[in-house]
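Report on the structure
These are the residues of each chain, in order.
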Amino acid sequence: MASVTFKNNPITLVGQELKVGDKAPDFTVLANDLSPVTLSDSKGSVRIISVVPSVDTGVCDAQTRKFNEEAAKLDNVKVLTISNDLPFAQKRWCAASGLDNVQVLSDHRDLSFGEAYGVVMQELRLLARSVFVVNSSDEITYVEYVSEGTNHPNYEGAIEAAKAAK
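Residues numbered from 1 in each chain as written. Predicted model: local features only at pLDDT ≥ 70, side-chain atom pairs only at ≥ 80, totals over all residues. Heavy atoms only, no water.

Some thoughts on the packing of aromatic side chains
Two aromatic rings, taken as a pair, are described by how far apart their centres are and by the angle between their planes. For the structure on display, the rule yields seven aromatic pairs. Ring centres of Phe27 and Tyr117 lie 5.8 Å apart, and the angle between their planes is 80°; this geometry places the pair in the edge-to-face category. In this pair, Phe27 is assigned in the loop between strand 3 (13-14) and strand 4 (28-30) and Tyr117 in helix 3 (residues 112-117), connecting sequence segments 90 residues apart. The residues Phe27 and Tyr117 share a single accessibility class, namely buried. Ring plane angle 65° and centroid distance 5.4 Å describe the contact between Phe67 and Tyr155, whose orientation is recorded as edge-to-face. In this pair, Phe67 is assigned in helix 1 (residues 58-71) and Tyr155 in helix 4 (residues 155-164), connecting sequence segments 88 residues apart. Across the pair, exposure class does not vary: Phe67 and Tyr155 are buried alike. One aromatic cluster is present, formed by Phe27, Phe113, Tyr117, Phe132 and Tyr145 through successive ring pairs. (Phe/Tyr/Trp six-rings, centres within 6.5 Å; stacked < 30°, edge-to-face > 60°. Helix = DSSP H or I, 4+ residues; strand = E, 2+ residues; numbered from the N terminus. Buried < 20%, exposed > 50% of the residue type's maximum accessible area, 1.4 Å probe, protein only.)

In structure tokens form, the structure reads like this:
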């Protein structure tokens with residue numbers, strides 16, 4: 001498993017660590033209106049899956065805004081931001097943020113995404129900061145498990161991977 005810390009404390013990740021070349025596992029998360037959303041709902045597009053502990057924190061807010069900004073420049077790329085925030089909190093955050101190039105989704109109910117992608121922080125029941133790029137054939141082409149949960153991911157690496165994915 002990937003070795004990560006959160007506020008410099010070691011964290012146990014639950015689930016399977018994914019690698020470039022793996023088939024992206026499907027999952028079910030909730031949209032802000034409580035409707036289910038799966039990976040297969042965006043089949044045929046390149047997906048940047050931006051995973052954050054909570055959109056209500058500074059680094060997570062900045063990460064979501066950065067991918068929203070970059071997504072506006074990319075063709076056939078969808079950005080999914082996934083956290084364990086309640087859908088109601090995400091809806092409030094989305095309304096205040098004015099972002100329209102990213103879909104913010106909640107894994108709070110079942111941890112379906114978190115367990116499938118190996119990002120559930122057992123000690124906190126939050127998702128570990130990470131980024132996955134999934135091509136239109138559902139193959140993972142980029143993976144980053146951010147080693148310290150309060151650090152930013154490698155935005156440029158993820159964007160370049162999304163540009164190169166088909």
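Quick notes on the UniProt feature "active site" (unreviewed entry) in the chain
UniProt marks Cys60 with the feature "active site" (unreviewed entry), using the numbering shown here. By the secondary structure assignment, Cys60 is in helix 1. The contacts of Cys60, once residues within four sequence positions are left out, are Val52, Pro53, Ser54, Val55 and Arg129. (UniProt positions renumbered as here; feature names shortened; annotations may be inferred. Contact = heavy atoms within 4.5 Å.)

Topic: the sheet that holds strand 10 (residues 126-127)
The strand order 3-9-10 describes an open sheet built from three strands, whose pairing is antiparallel. If you trace the sheet from one side to the other, it starts and ends with strand 3 and strand 10, each paired once. Pairing of strand 9 (residues 120-121) with strand 10, which is carried by two bridges, proceeds in the antiparallel orientation. Within strand 10, the residue paired with Val120 across the bridge is Leu127. (Pairing = 2+ DSSP bridges.)

Thoughts on the nonpolar core
Counting 30 residues, the largest nonpolar core has Phe27, Ile49, Phe113, Tyr117 and Phe132 as its most contacted members. Counting only elements with at least two residues in this core, the list comes to strand 1 (4-6), strand 6 (46-51), strand 7 (77-83), helix 3, strand 9, strand 11 (130-134) and strand 12 (140-145). At three residues, the largest contribution of residues to this core is made by helix 3. The contact partners of Phe132, leaving out residues within four places of it in the chain, are Leu18, Arg47, Ile48, Ile49, Val51, Phe113, Tyr117, Val119, Tyr142, Val143 and Tyr145. If you look at the next biggest cluster of nonpolar residues, it comprises 23 residues, including Phe67, Val77, Val133 and Ile159. (Core = buried A, V, L, I, M, F, W, Y, C linked by side-chain atoms within 4.5 Å.)

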